[in-house]
Amino acid sequence: MQDIFSLVLSVTIGGIFGELLHIEDGLNTFGTFLQKKMTTDRYDENGNLLTNTFGKGFINGTILFCVDAQVIFGSIVAGMGQHEVLLIKSVLDGTIALFLAMKLGYGVMLSSILVFVFQALFALPAGILSTYITESFIAQLTAIGGVFMLCIGFNLLEIKKIKTANFLPALLGALVMFFI
């Protein structure tokens, strides 16, 4: 990272915009909406409530693996030819998916299709624009990705709850700083 000021400015302004737009709250609301739409109550012959685990597995898998700043960051840098972040995330997500599928069934596996489409939405444009992108811009994105990983680490360790998705506009901030 050559310009720490650009990193701090991008993350700060991006975080402010993300908070104003309530990005993480919106993604959580959307996930809850989808879960309610796909999950229906079923009853057995004795009138006992059965849980529709397919819908829960699909929604929980999709939300868990898509609503993460590393998916967007990893997809962008993968489109530019650096696949390490996305490969590491894939191994971690695959391990989590195995345990989630044991509880919720094969709906979790179907969520991988939506995750693939979601990642492609970021990777393909980045690949097309990669000839115009410099090493300093990639370094800026990588530094922002490091901040995202730090936030995710705080959340996982329950040190501090940070709405990581609200920092996604920092990626746009990096693009603006690149052109400035």
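This structure is a prediction, so every number in the text was calculated from the model and none was measured.

### Observations concerning the nonpolar core
Here comes step 1: Counting 19 residues, the largest nonpolar core has Ile76, Met80, Leu141, Ile144 and Leu171 as its most contacted members.
Here comes step 2: Contributions of two or more residues to this core are made by helix H1 (4-21), helix H4 (69-79), helix H7 (135-156) and helix H8 (169-179).
Here comes step 3: Top contributing element to this core by residue count: H7, with six residues.
Here comes step 4: If we ignore the near neighbours within four places in the chain, the residues touching Ile76 are Phe122, Ala126, Leu141 and Leu171.
Here comes step 5: By size, the runner-up hydrophobic cluster in this structure holds seven residues, among which are Cys66, Leu100, Val108 and Val115.

### So, the layout of surface pockets
Here comes step 1: Taken as a whole, the second largest pocket spans an internal volume of roughly 460 Å³.
Here comes step 2: Of all elements in the fold, only H4, helix H6 (107-129), H7 and H8 reach the threshold of two or more residues within the lining of the second largest pocket.
Here comes step 3: Its residues placed into classes, the lining of the second largest pocket shows 18 nonpolar, no polar and no charged.

### Brief notes about H1
Here comes step 1: With 18 residues, H1 extends 25 Å from end C-alpha to end C-alpha; this agrees with the ideal 26 Å at 1.5 Å per step.
Here comes step 2: Among the residues of H1, those classed as buried are Ser6, Leu7, Ser10, Val11, Gly14, Gly15 and Gly18. The buried residues of H1 occupy an angular sector of 150 degrees when the element is viewed end-on, so they sit on one face. The exposed set on the far side of H1, more than 90 degrees from its buried face, consists of Phe5 and Leu20.
Here comes step 3: Where H1 terminates, the next one or two residues include His22, which has phi positive at roughly 55 degrees.

### Section: the pattern of salt bridges
Here comes step 1: Enumeration over the complete set of coordinates arrives at three salt bridges.
Here comes step 2: The closest approach of N and O atoms between Asp25 and Lys163, which form a salt bridge, is 3.2 Å. You can see Asp25 sitting in helix H2 (residues 23-38) and its partner Lys163 sitting in the loop between H7 and H8, a full 138 residues away along the chain.

### Structural notes on the packing of aromatic side chains
Here comes step 1: Scanning the entire structure with this criterion turns up one aromatic pair.
Here comes step 2: Ring centres of Phe118 and Phe122 lie 5.4 Å apart, and the angle between their planes is 70 degrees; this geometry places the pair in the edge-to-face category. Remark: Phe122 and Phe118 occur in helix H6; sequence separation between them is four residues, near one turn of the helix.
Here comes step 3: Taking relative accessible area as the criterion, Phe118 reaches 24% and is therefore assigned partly exposed.
Here comes step 4: Relative accessible area serves as the criterion here: at 27%, Phe122 is assigned to the partly exposed category.

### Points about the environment of Gly14
Here comes step 1: Turning to its location among the elements, Gly14 is positioned in helix H1.
Here comes step 2: Judged by its relative accessible area of 3%, Gly14 falls in the buried class.
Here comes step 3: Considering only alpha carbons, one finds Gly14 and Ala174, 160 residues apart in sequence, at a separation of 9.1 Å.

Basis of the calculations
- Residues numbered from 1 in each chain as written.
- Predicted model: local features only at pLDDT ≥ 70, side-chain atom pairs only at ≥ 80, totals over all residues.
- Heavy atoms only, no water.
- Core = buried A, V, L, I, M, F, W, Y, C linked by side-chain atoms within 4.5 Å.
- Buried < 20%, exposed > 50% of the residue type's maximum accessible area, 1.4 Å probe, protein only.
- Helix = DSSP H or I, 4+ residues; strand = E, 2+ residues; numbered from the N terminus.
- Contact = heavy atoms within 4.5 Å.
- 1 Å grid on protein atoms, 1.4 Å probe; cavity = no way out; pocket = protein on both sides within 12 Å on 5 of 7 lines; lining within 4 Å.
- Points joined across faces, edges and corners; volume = space filled by probe spheres on them.
- Nonpolar A, V, L, I, M, F, W, Y, C, P; charged D, E, K, R; others polar.
- Expected span 1.5 Å × (residues − 1).
- Arc of directions from axis to C-beta.
- Salt bridge = Lys/Arg side-chain N within 4 Å of Asp/Glu carboxyl O.
- Phe/Tyr/Trp six-rings, centres within 6.5 Å; stacked < 30°, edge-to-face > 60°.

Just geometry here; none of it tells us what the structure is for.
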